[in-house]
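# Notes for the structure review
Letter by letter, the chains look like this.
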Amino acid sequence: MTQRVLSRRELDVLHRTAKGMRPADIAEELGLSVRTVRSNLYNARRSLLIPLGAPVISLVAESRLRVLLED
């Protein structure tokens, strides 16, 4: 699988998820459907090779995504 740069929306959704927000809350805040938020999160995790069962918040705590999320 080839890696790609995340879209601004994918980064935004990933950042909000890492802060502990639920997809429904993110969707409401951004004016998106929950399905769109989940799709963005899935695509971001896939691009970054994050296993679907791995908690995103632990990766941020380990600083592996800090550079991406500080933008």
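Use the structure listed above.
A brief report on the enclosed structure follows.

About the criteria used
- Residues numbered from 1 in each chain as written.
- Predicted model: local features only at pLDDT ≥ 70, side-chain atom pairs only at ≥ 80, totals over all residues.
- Heavy atoms only, no water.
- Helix = DSSP H or I, 4+ residues; strand = E, 2+ residues; numbered from the N terminus.
- Contact = heavy atoms within 4.5 Å.
- Buried < 20%, exposed > 50% of the residue type's maximum accessible area, 1.4 Å probe, protein only.
- Axes fitted to C-alpha atoms, helices over the stretch in contact; angles between N-to-C directions.
- Parallel < 35°, antiparallel > 145°, perpendicular 65-115°, else oblique.
- Nonpolar A, V, L, I, M, F, W, Y, C, P; charged D, E, K, R; others polar.
- Salt bridge = Lys/Arg side-chain N within 4 Å of Asp/Glu carboxyl O.
- Expected span 1.5 Å × (residues − 1).
- Arc of directions from axis to C-beta.

### Some details on the overall build of the protein
Looking only at helices and strands, the protein has 5 helices and 0 strands in total. Along its sequence from the N terminus, the protein presents helices and strands in the succession α-α-α-α-α. For the protein, long-range pairs separated by at least 24 residues make up 48% of all intrachain contacts whose partners lie at least 6 apart in sequence.

### Let's talk about helix H1 (residues 8-18)
Residues of H1 that are buried: Glu10, Leu11, Val13, Leu14, Arg16, Thr17 and Ala18. Directly after H1, the chain includes Gly20, whose backbone phi takes a positive value near 100 degrees.

### Some thoughts on the packing of H1 against helix H3 (residues 34-47)
Packing of H1 against H3 leaves a shortest axis separation of 8 Å and a crossing angle of 95 degrees. In terms of orientation, H1 and H3 fall into the roughly perpendicular class. Taken together, the residues of H3 that come into contact with H1 (itself represented by Arg9, Glu10, Val13, Leu14 and Thr17) are Val37, Asn40, Leu41, Asn43 and Ala44. Among the residues forming the contact of H1 with H3, the class breakdown is 5 nonpolar, 3 polar and 2 charged.

### Focus on the pattern of salt bridges
Enumeration over the complete set of coordinates arrives at 3 salt bridges. Here Glu29 and Arg16 are joined by a salt bridge, their closest N and O atoms 1.9 Å apart. Here the residue Glu29 occupies a position in helix H2 (residues 23-30), and Arg16 occupies one in helix H1, the gap between them amounting to 13 residues. Across the salt bridge formed by Arg22 and Asp25, the nearest N and O atoms sit 3.1 Å from each other. Classification of Arg22 as exposed rests on a relative accessible area of 51%.

### Things to note about H3
End to end, H3 covers 20 Å across 14 residues, agreeing with the expected 20 Å (1.5 Å per residue, within 8%). Within H3, burial applies to Val37, Asn40, Leu41, Ala44, Arg45 and Ser47. What you see down the axis of H3 is that its buried residues fit within an arc of 165 degrees, all on one side. Exposed residues pointing more than 90 degrees away from the buried face of H3 are listed as Arg35 and Arg38. Directly after H3, the chain includes Leu49, whose backbone phi takes a positive value near 60 degrees.

### A look at the environment of Val34
Relative to the assigned elements, Val34 resides in helix H3. Residue classification places Val34 among the partly exposed residues on the basis of a relative accessible area of 29%. Sequence separation between Val34 and Arg22 is 12 residues; the distance between their C-alpha atoms is 9.5 Å. Leaving out residues up to four positions away in the same chain, Val34 has contacts with Pro23, Ala24 and Ala27.

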